[in-house]
Structures are given as structure tokens and as C-alpha cells.
Amino acid sequence: MEEFWHSTSHIMASAVCRIFGDIKLGIGPAIAEGFYYDFDCKIQDEDLPKIEDEMRKIIDEDQRFEKIVMNIDEARKFLERQTYKLEILDEIDDEHVSFYKNGSFTDLCKGPHIERTGQVKAFKLLKIAGAYWRGDEKNPMLTRIYGISFESKEELDDYLKKQEEAKKRDHRILGPQLGLFEIYDEVGGGLAFWHPKGNILRDEIIWFLKKEHKNRGYFELTTPHIGKIELWEQSGHCDYYRENIYFIEKEEENYVLKPMNCPGHIMIYKSKMRSYKDLPIRYFELGTVYRYERSGVLHGLLRVRGFTQDDAHIFCNESQLKNEIEEVCRFAFDMLSRFGFNEYEIYLSTKPEKYVGEDEIWDLATDALKGVLEEQGLNFSIDPGAGVFYGPKIDIKLLDALNRAWQGPTIQVDFNLPDRFDLSYIGDDGRKYRPVMIHRVVLGSLERFIGCLVEHYAGKFPLWLSPTQVIILPITDNQLNYAKNVERIFISEGIRTELDSRSEKLQRKIKDAQELKIPYMIIIGKKEEEQEKISIRHRSKGDIGPYGIDDFIKNLKDEIREKLSI
RNA sequence: GCCCACAUAGCUCAGUAGGUUAGAGCGCAUCCUUGGUAAGGAUGAGGUCAUCGGUUCAAGUCCGAUUGUGGGCUCCA
């Protein structure tokens, strides 16, 4: 598809040039889904239909894509007024470069292309956006037009329909609809309020996390949300992370709202002498942190300003490092699969421009992480320069409904904070040694994770996570007493149960329960009451017939215990 | 923060080309209905049209600023 999409971007660029004249061009590549082209020209939404019309003409003209080869000097002359193209040309280390020509439009391009413009049978320009030249905010902003194209109209319709479907899974719509959470402008962007049902979901996840951490030898901590600025100066955050920190001043004392949990855990580590026999020490905290994020980047629960991390810090010695990383990796992948996530992207992030510590130490840590990924046979990409200022890391990114990647689990090696805080343990020879730290989260932030989870399940959570697990739907008011009895039994068995006692028809109650994506509906009519049974309807399987109350409760408990996704 | 777009009832949206008391559906309240697997009916409450300023005899509608939201870009320990 790449060739096809890239060719469509040339068609779009030629249409834009026909309409707006001799404008400067940026780049116009194919992307994962579709293509874009950047123009140094003010183009607005209302221009898109005009451009589409012009593209249609070019397609109807069925122009041939011709390859033209020029030597560098000819190319430079040809691109005289295309300053952005000249920049690209300067980086090409070859005597000849290729151009592609369709109609009167000729563009520096290594190709390849499809044969003729007429092959593009269906296309749509999707959105218009600003994009800095070369992705650098110091450069001018160009106008980027995104589009998609196919060889048939059916494929295009299919694509557009899928996008529409995906939007219905958007956690920002489903979240408030299902009573999970809300973000109030009046309070501030990026600050989530958990409503009762969302809090149940959150609580289930927290309970599960705590149990899993205890099983793996972690000690749980709780640390304050604010602390003196000096702590953050010592950690280096004030230097390397300043623009994201919220500062608080009171009676001439300077405090910060904690943007990270690590210094807190370090305080506890430092509180007494540690022996090599104590290591590794694993401290875990559901730590709520606040970070200022630029207004344009906030996105529902997926990018917020206040969030709770399932954060842990492991203090160990260098010989334990590899094993600890392995354990953490296993832990993270295990947790993801327990929540039904099987598709994610893995990155190894290396040394950034701003960093602390020695180069050899960075190499050592990077190699340790890489070694674990390779030994576990995981597919990963290197993300150069994306490490934290204190160390390299493994990032695992989860995908949302529109396939955008969001960082979830991350494992970071840190040889630097132990230095800054002068951490030590006593070795078997009685001498002092410096421990190594691993920072890691296995779900990431609860907010982001739940945002992804909502989209992943499209709101249809497995039973164990469903805020309401069963809803009782009496067919007439005459069954209300029996329904209330059934409700009492379910609640006393620890099943999250609701009763729809409205004087509505059954169909209506089913529709509403279905929209709330409640896993099981218990239907009670005259028949059920007489036989002391209940009839069950599952949100996806439909009517699954009558059950004895005890039998059904046993089934529910099994399904909850197994954490099944049905 | 930058580019583009958007902002009307709790929610989803109509509002013609500026012209009296701004509409609908859902939801909510009250009443009627007691119906067997995805919407039963009636009545009613609810809006200083995001905010501020301007143009005009007249602004939800036109212009500007601000705030917020959306999609991108940049950023993201």
C-alpha cells in the first residue's frame, strides 16, 4: 500500500499546486494508514473539497508517473525556490537523484510509484493539521493534509466505517456513559473524577495489583504527595524536569507536588543501614503524582496531569540486576495478558541528549535491558535518545481504539539516583557498596491503563471487572418481592447486583441493561417465581435459559475467580 | 505551546439569508400502562445560545479577544 498511498500524496500535491500556484513543499510520505503532504501555504478546512475535486480531475486525466534522473547540480537548479526540498537535497550523498513527474507536477522523490494516476479509484482527505518542518518546534509550521486512498470505493467505505466504529469505543465517550469517570473543565484539564462505578473498576484493579505484588516479594509503601523542593533538587528533577513540576510556596518554604515517587522510596531505603543480605529490596506504591503537561497534549484519561502509578523501585546489586529485570518483564507481560492485552509495541529507549552519569554505566544498563529482551525472544525496536535522564528503559506501548500507541509498562535502570542520594549497602567483606535501582510500573498509570482497557473491551468488561455484574429485571411489579429476595441473596454472596424496579416493559429494561453493558441479566416473571428459579440473559450470548439460584451463583463465582473474558 | 476546526437544555443535535416569546429526541419529574428477551403512552420542569467586547434599528447567527474542547505537530521521567 505504501507505494499507492505515496503516489496519492503526489496527486494531492499536484492538485494543491494547481490551485494555490507555486508554493513551497515539505514532505509527503505514506504512513501506517494513508498519507500526508506538508505545504508552506495557508489551507483551511473549506479548501479540502476544492482540492479533492482537482485530484479527481488529475485521476481522470490518468497521468503517467515518470521517473526523471538529474545530477545534483541540475536538481539544485530545478529546486531553486523550494527551500525545504533543497535542505533534503543537501543530505543526499549521491551524484544523481530521482524525480517523479505526473502532468506538470515534478517532485524530488526516490519512489517508487504506481504506473498511472487513474489507478486511484477512491480517496478522501481526512484532516488538516499544523506540523513543524522536520518536527522541530523551532522551525516554521507547515500545513499538513492527511488522506487515505484505495483501489476501490468499497475498500474506502469499509475503512471509513471501521473508523466510525472505533470512535464508538472511545473511552472519553464510553467512560461518562457507563458512569466510570468524568473530567470537569471547571476543575481543570487532565484531572479525572472517578464516579462510583469507575471506582469499583479501579478498586478491583488495585486489589489485584496489591495481591500480585505481595506474591512477588514487594513491600507496599505510602508516601506524601508534597515535599520540600530540596529533595527534588538533590534528585535532579528540578534541573531535568522543571517545566513539568507544580511548585507550592508557603511561609517562604518551597514545596513541590510530587511528580514521581522515587525520592520517597529512596528516603525509606536510606532510613537505616542495609546489608547485602537484604537485597534485593522491592518497594511498591500506588503513588499519585502530578505533572504539568502542555494544554495541547491532554487526552481524556490517556494523557492527564494527575495520575496514580503502580510504581515500584527495586534496590539490588549489579549481579542481581539481570534477574530482576527478567522478573519484572515477566510480571508486566503476565499482568497485561490477565487484562486481555495481547498486542503491544516494545521499545528499548537509549541515552537522551540531557542525561546524568557516565557513558560506560549507560552502556552497561542498556546492554542489561537488551539482553533480557533478546533472551526472552521478544520483538522490539530501538527508540534512540528516548531514555530518561537517569537511565535507559524498556517501554511497552498499548494501542487505543484508533491504534494510537500509549506508554504503559516501563522498566528503567538507574545508576544515577543511588549516587545522588549516596545510597549504600554493606557487602560480605564489611565494605560499603552502591546499590543499583530499577524503576518500573507494570500497568503504568491506572488512569491511562483504564482508558486503554475501556477501549480494548469497548466497555464490555469481563465479569470480575464489571462495576455491575448482574441486574435483576422483574417482568411486572408482582415479582418485585421475589426480585428483592433474589437481590439480597446475590448481594450477600458478594455479587455486584442491581435491581431495575421501574414499571417499564421487559424489552425496555433489557435495552437499557444492554447499553450499560452489564454482563448478566436476571429475568424474573411469574414462571420463575413459582419454580423458585431465575432466567438468565447474557449481554453477548442472549437468552441462556433458566437456572437455580445457587447454581448460577456458583457459575458466577467461578467466572470471577478465573478472571475469564467472555 | 503551535496549526486548523468547533462551542445552542444534563446528553446528542436542528436553528433558514441577522428580525418578535430559541426547537427536537434522549434523560429527569408526575400520572396512566403490568407488558416474557434491545425503546408503551400522556403531561411537565429545564436554555442570560461558553465568556467579554464590537458592528447594526436589531446578533444564537457577522467581526475581534479570552476560555474550553476536538484532530494533528512538538513534548511526554
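Here the structure is a predicted model, which means the values were calculated and not measured. (Residues numbered from 1 in each chain as written. Chains lettered and ligands numbered in written order. Predicted model: local features only at pLDDT ≥ 70, side-chain atom pairs only at ≥ 80, totals over all residues. Heavy atoms only, no water.)

Participant: Any details on a negative patch on the surface? Residues and values, ideally.
Facilitator: Taken together, the side chains of Glu230, Glu233, Asp239, Glu249, Glu251, Glu252 and Glu253 define an acidic patch exposed on the protein surface. By secondary structure assignment, the location of glutamate 253 is in strand β14 (residues 253-257). Note on glutamate 253: relative accessible area 37%, which makes it partly exposed. (Patch = residues over 30% accessible without salt bridge, like charges linked within 9 Å, V, L, I, M, F, W, Y side chains within 5 Å. Areas by Shrake-Rupley, 256 points an atom, 1.4 Å probe, with all protein chains shown as cover. Salt bridge = Lys/Arg side-chain N within 4 Å of Asp/Glu carboxyl O. Lys, Arg positive; Asp, Glu negative; His and termini not counted. Charge placed at Lys NZ, Arg CZ, Asp CG, Glu CD. Helix = DSSP H or I, 4+ residues; strand = E, 2+ residues; numbered from the N terminus. Buried < 20%, exposed > 50% of the residue type's maximum accessible area, 1.4 Å probe, protein only.)

Participant: A description of the pattern of salt bridges should follow, citing residues and the corresponding values.
Facilitator: Considering all chains together, one arrives at 41 salt bridges under this definition. The closest approach of N and O atoms between lysine 167 and glutamate 164, which form a salt bridge, is 3.7 Å. With lysine 167 and glutamate 164 both in helix α5 (residues 153-168) and 3 residues apart, the pair spans about one turn of that helix. According to the relative accessible area criterion, lysine 167 is partly exposed, its value standing at 44%. Each of Arg18, Glu54, Lys57 and Glu61 takes part in a single network of salt bridges with overlapping partners.

Participant: Before we move on, could you go through the sheet that holds strand β23 (residues 436-445) and cite the residues and values that matter?
Facilitator: Overall, mixed pairing links the 8 strands, which are arranged β11-β15-β16-β23-β20-β19-β17-β18 in an open sheet. A single partner strand is all that each edge strand has here, and the edge strands are β11 (219-220) and β18 (381-383). Relative to strand β15 (residues 281-290), β11 runs parallel, the two sharing 2 bridges. Across the sheet, the residue bridging to glutamate 220 is phenylalanine 284, located in β15. Those strands touched by helix α12 (residues 359-375) are β17 (344-349), β19 (393-399) and β20 (405-414), and its axis lies near 150° from that of β17. (Pairing = 2+ DSSP bridges. Contact = heavy atoms within 4.5 Å. Axes fitted to C-alpha atoms, helices over the stretch in contact; angles between N-to-C directions.)

Participant: Lay out unusual backbone geometry in plain terms, naming residues and giving numbers.
Facilitator: It is generally the case that most residues other than glycine have a negative phi and that most peptide bonds are trans. Of note, the bond from leucine 279 into proline 280 is cis; its omega dihedral lies within 30 degrees of zero at -5°. Structurally, proline 280 is set in the loop between α10 (262-270) and β15. Despite not being glycine, aspartate 62 shows a phi value in the positive range, around 50°. Along the chain, the position of aspartate 62 falls in the loop between α2 (48-60) and β4 (66-71). Take aspartate 62: its relative accessible area is 29%, and that puts it in the partly exposed class. Even without being a glycine, glutamate 532 presents a positive backbone phi close to 55°. Its place among the elements puts glutamate 532 in the loop between α17 (526-531) and β27 (533-538). Residue classification places glutamate 532 among the exposed residues on the basis of a relative accessible area of 61%.

Participant: Residues and numbers for the protein's contact with RNA strand B, please.
Facilitator: Near RNA strand B there are 53 residues, and of these Tyr241, Arg291, Ser295, Gln412 and Arg508 occur at the shortest range. Backbone atoms, meaning sugar and phosphate, make up 49% of the atoms of RNA strand B lying within 4 Å of the protein. Isoleucine 128 places a polar main-chain atom, nitrogen or oxygen, 3.4 Å from a base nitrogen of RNA strand B. Taking tyrosine 390, its side chain carries an N or O atom lying 2.6 Å from a sugar or linking oxygen of RNA strand B. At the level of secondary structure, the elements contributing two or more residues to the surface near RNA strand B comprise β7 (122-132), β8 (141-150), α16 (506-515), α17 and β27. (Near = heavy atom within 4 Å. Polar contact = N/O pair within 3.5 Å; in protein donor to acceptor, adjacent residues only side chain to side chain.)

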